[in-house]
Amino acid sequence: MYQKQDDDYDEFGDQSLMQTEYRPRRKNRRPLLICFCILVVFLAIVIPVAIVVSNKRHGSSGFVAPECPSADERERVDCYPEGGASQSRCEARGCCWGQPTTKGPPSCFYPVNHGYELVGGLQRTSLGYKATLRRLNTPAMYGDDMQNIEVTVEIQQDYRLHVKVSDPKRPRYEVPEAALKRPLATTLADNPLYNLTFTSNPFSLKVTRNSTGATIFDTSVGKLTFGDQFLSVSTRLASSNLYGLGEHVHRRYRHDLNWKTWPFFTRDSSPAAGNSDNLYGQHPFFMCVEEDGNANGVFLLNSNAMDVTLQPGAPDSTYVTLQPGAPDSAPIVTYRVIGGVLDFYMFLGPSPENVVQQYTEVIGRPVMPAYWGLGFQLSKWFYNNSQGLRDVIQRTRATGIPYDVQYSDIDYMEDRKDFTYDGNSYGDLPDIIQDLHDNGQKYIIILDPAVSNKNRRDGSPYLPYVTGRTAGVFVNTSDGKTPIVGQVWPTDSVFPDFTNPNGVQWWADNCRDLHSNISFDGLWIDMNEPSNFLNGSVSGCSGNTWNNPPFLPDDTHQSFLHLTAIKGSLLYEGTLCMDARQIWGSHYDVHSLYGHSMAIATRDAMRSILPTKRGVVVTRSSFSGTGQFASHWLGDNKAAWEDMAWSIPGILEFGLFGIPHVSSPTSHDFLIRHLITTFCRYFFNVVGADICGFGGNTTEELCQRWMQLGAFYPFSRNHNTMDGKPQDPGSFSQSMIDSSRNVMMTRYTLLPYLYTLFYHAHVAGTTVARPLLHEFPSDPKTWEVDRQFLWGRGLLISPVLSQGDTTVDAYFPDDRWYDWFTGFEVEGDYRGQTVTLDAPLNKINVHVRGGTILPTQEPANSTVYSRRNPMGLVVALDDSNSTGASGDLFWDDGESYDSIETVEHLSVRFTASAVSSLGNRT
């Protein structure tokens, strides 16, 4: 017979069944009493000692006691990122407390023994490794932390590594394939450029470059956290040369790593303030240029709200050992995300251009623009009526300034309703559009996502709303059935769900119906973060953890050393409730994909309207991969000198993000101009920021300098606000008009070269507007240059960016450079030097790099007429004694889809010898 004894517990504290044979008890109890007394005395001594020992190991709460690092304060990773930490709050979280001796490091920071430990050893897979992790016994920071998680490591390519941290027991939100189709690896890479090192307790992963030992990714510095609504990981970098991470106003291209926090969550937030607010797009990708000029990139594929903190860090002893003379700082990047998974892609370059190519291989190559989309474009919010629109068109034509595209903002609509135009104020709009087309020009209109739920002005039903309700295409409240209602330009509004296939079709149908009335050539999509003039909806938002997550950095609680995180005190401030429902998931997860999904739907709509032509799509909101479908402008900047300067880092960053949409006689070794003759003329008949600023009133000097810079934006558009004075070039003095015409003629002369750069971006992922460090990564002086930029590898632009200046300081990397306008080589000892150049008000400095051949074309007043003109080549010889210059040209009809795939194009490679047949330099 077996009987359960008095309660017993196994070593894990779980009640267990201890089976023993039953025996009758003896009647003499004295020995038992003696034993009992001895046991009591023993326990009275042992238990207090055990408690002391246990408290030392686990703390009084039973958690593992924190082991605080004694390392450099620059290594501290903030364990109380929401601000307001005190010693008691910090230690209750299981973190370490210590007042820093300098400004910047946090007082509350992670202990060494925080995170997860490896369970069962590292497993080999067909593509790499898999690791099962168990959470260390530490307090949870923001609710439930996953006790067991899984890390998968895929060695996908020699230059690409994929690392994902997920919950193996419960599916979590991940960016869907419909939003971003990633390349899948099927075999293990043969000769990866990187080494992997794993540490088991606490678990960490370190990725280093084979050839130098430089750190690409090292999670040992800040411990892994994986909660339901809070995920965090930190990594060490190889150097302080960090670029990317957007969309924000970054005043310099190279990041300031002095304890800066940048938020990521698409928001209708104007860049005009120049602060660290999260703006219209979400691009959690950075590039790091190592101390020897090699480059690497890291991409976190996650669309949830997050922030990224940059801090200086202490030296990476391994790298310093391998690279004598390396700086005494290995910066740290900390990611904090409120949902989804940690899904990282790492790119090993080794050149900066290689990194961008490898990144766009994952997120998708940039769209090939229509040739006319590279021409000068003009816009204004509120022309009053069709006569105001006619006036600006005629005024601009009269200047002789090349001019390809005219826009209309929301004032063309009837009561600001999508898919309508105002018959009273713009009744003759179809005639205006026909006039534009007759003069070789194009017309683009704006569409916002918000759809009115009210009738038309005459009382008739507003059909887009009616058909949308019938088809169930709008974003719903948390019940999944009722459209969520906010307020935007047409007052009460609902929001199309562009992740719904029915919504995509509904959008295309309405765009096509509108095109049958006004024959636009492109669509400009705005307010698609999505923007809402209310917080959440007309009914407010529920008080759940989706709308009010446990972690939301708020600038009102941050110290002055931290920049603001997610703009606003509410996650749903100025947008939709986070528990609203879309096909791809809750708005909490897919909010930052809204503009991206709208861009996909709008590109499909343009394809259905113009099935054989590349209609232009321009979007304000974007996500990683949006460049496959749309161009972008930097939003509602202001008419200020600083905004003009900040536009250059913005344009360079979007080149990183895969959204790239800038004559004289022969002299020295510079120009061999050969105008292509009648044969070529016949053969070739068969390619930014708001210029002059959006908000406020520009001055003539500012606008003139901005027109010069804007002539070299990849996407060149002058646009301003409703209340701003007219700033189209024709509204200024004759000297301003002449200056604008001359610089735009230069742009149009170079359009064949620019179009070829876009071709390479489309097929290979290279950049168009390019920082100098991309071409000269081993030159440390280029790492900070962001007041100059390149078109491709061959053209250097050095604009004036300060009021009253008539000179500009330009850095010339160690190569041969020639003045575009004169053909002369730069004078004096200029290579590797900063030179002060003359820059009178009517001039922008442009230089051609030795060793390049640029295709050109005689300019006209639009691309339609320019393309009928003779073409030419600009040859700039280098120092070589053999091949003195090279270049290429891509040419098609400028607007057909699939011209590349169907080989309906011309692709020419040019080379020039630096030595003539007589042995003399030419």
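How each quantity is defined
Residues numbered from 1 in each chain as written. Predicted model: local features only at pLDDT ≥ 70, side-chain atom pairs only at ≥ 80, totals over all residues. Heavy atoms only, no water. Phe/Tyr/Trp six-rings, centres within 6.5 Å; stacked < 30°, edge-to-face > 60°. Buried < 20%, exposed > 50% of the residue type's maximum accessible area, 1.4 Å probe, protein only. Lys NZ or Arg CZ within 6 Å of the ring centre and 35° of its normal. 1 Å grid on protein atoms, 1.4 Å probe; cavity = no way out; pocket = protein on both sides within 12 Å on 5 of 7 lines; lining within 4 Å. Points joined across faces, edges and corners; volume = space filled by probe spheres on them. Nonpolar A, V, L, I, M, F, W, Y, C, P; charged D, E, K, R; others polar. Helix = DSSP H or I, 4+ residues; strand = E, 2+ residues; numbered from the N terminus. Pairing = 2+ DSSP bridges. Core = buried A, V, L, I, M, F, W, Y, C linked by side-chain atoms within 4.5 Å. Contact = heavy atoms within 4.5 Å. Axes fitted to C-alpha atoms, helices over the stretch in contact; angles between N-to-C directions. Parallel < 35°, antiparallel > 145°, perpendicular 65-115°, else oblique. Left-handed = near helix turned anticlockwise from the far one by under 90°. Disulfide = S-S within 2.5 Å. Expected span 1.5 Å × (residues − 1). Polar contact = N/O pair within 3.5 Å; in protein donor to acceptor, adjacent residues only side chain to side chain.

> Where do I start with the packing of aromatic side chains in this structure?
Aromatic rings in a pair are described by how distant their centres are and how their planes are angled relative to each other. Summed over all chains, the structure comprises 34 aromatic pairs. Aromatic pair F654 and F657: ring centres 5.3 Å apart, planes at 80°, arrangement edge-to-face. The pair formed by F654 and F657 is uniform in burial state, with each residue classed as buried. Over the face of the ring belonging to Y897 we find R607, whose NZ or CZ atom lies 3.7 Å from the ring centre.

> Is there a simple way to explain empty space enclosed by the protein in this structure?
A water-sized probe, rolled over the atoms, reveals where empty space remains. Counted as a void, the largest cavity has a volume near 200 Å³. Around the largest cavity, the lining is made up of 17 residues, and of these H248, V249, P271, L634 and W646 lie nearest the centre. A breakdown of the residues in the lining of the largest cavity according to their chemical character gives eight nonpolar, six polar and three charged. The computed volume of the second largest cavity comes to approximately 130 Å³. Lining of the second largest cavity is provided by V151, V163, V165, F203, L205, F217, T219, L224, V233, L342 and F344. Elements with a minimum of two residues in the lining of the second largest cavity: β8 (160-166), β10 (203-209) and β20 (342-347). Considering only residue class, the lining of the second largest cavity consists of 10 nonpolar, one polar and no charged.

> Where do I start with the pairing of strand β42 (residues 852-857) in this structure?
Working note: regular strand, side chains alternate between the two faces of the sheet. Buried residues dominate β42, accounting for six of its six residues. A two-sided burial pattern is seen for β42, the buried positions comprising T852, L854 and T856 on one face and I853, P855 and Q857 on the other. Bridge count for β42 against strand β43 (residues 871-876) is six bridges, and the pairing is antiparallel. Looking across to β43, one finds that T856 is bridged to G872.

> Where do I start with the nonpolar core in this structure?
Across soluble globular proteins, nonpolar side chains show a tendency to be buried alongside one another. Formed by 164 residues in total, the largest nonpolar core has its most connected members in W507, F712, W791 and L795. Other than its neighbours up to four places away in sequence, W507 contacts D418, F419, L447, D448, F498, M598, A601, T602 and A605.

> So what exactly am I meant to see when it comes to the packing of helix α7 (residues 463-471) against helix α8 (residues 501-515) here?
A pair of packed helices can be characterised by two numbers: the angle between their axes and the separation between those axes. Where α7 meets α8, the closest approach of the two axes is 10 Å, and the angle between their N-to-C directions is 160°. Taken together, the axes of α7 and α8 lie roughly antiparallel to each other. Note that α7 runs across α8; the crossing there is right-handed. Residues P464, T467, G468 and A471 of α7 touch α8, and the partners they reach there are N502, W506 and N510.

> Got a minute to help me understand the state of the cysteines in this structure?
As used here, a disulfide is simply a covalent bond connecting the sulfur atoms of two cysteines. The final tally for this structure, using the stated rule, is five disulfides. Covalent S-S linkage joins C79 and C95, the inter-sulfur distance amounting to 1.9 Å. Of this pair, C79 sits in the loop between α1 (30-58) and α2 (87-92) while C95 sits in the loop between α2 and β3 (96-97), and the two are 16 residues apart along the sequence. Of the two residues examined, C79 and C95, each falls in the buried class.

> Would you take a moment to explain the sheet that holds strand β25 (residues 486-488) for this structure?
Backbone hydrogen bonds hold the strands of a sheet together, and the pairing may be parallel or antiparallel. The strand order β24-β26-β25 describes an open sheet built from three strands, whose pairing is antiparallel. Two strands lie at the open edges of the sheet, namely β24 (451-452) and β25, each paired on one side alone. With two bridges connecting them, β24 and strand β26 (residues 491-494) associate as antiparallel partners. Across the sheet, the residue bridging to S452 is S493, located in β26.

> I'm lost on α8 in this one. Help?
Owing to its 3.6 residues per turn, the α-helix brings residues three or four apart onto one side. In this model, α8 (15 residues) spans 21 Å end to end at C-alpha, consistent with the 21 Å of a helix rising 1.5 Å per residue. Within α8, burial applies to G503, W506, W507, A508, N510, C511, L514 and H515. Those residues of α8 that are buried lie in contact with β23 (442-447), β24, α7, β27 (522-525) and α10 (594-609).

> What should I look at first to understand the side chain of N637 in this one?
Relative to the helices and strands, N637 is located in the loop between β32 (631-632) and α11 (641-656). A distance of 3.3 Å separates a polar side-chain atom of N637 from the backbone oxygen of D690. Excluding residues within four positions of it along the chain, N637 makes contact with P271, A272, D643, A689, D690, G693, F694, G695 and W706.

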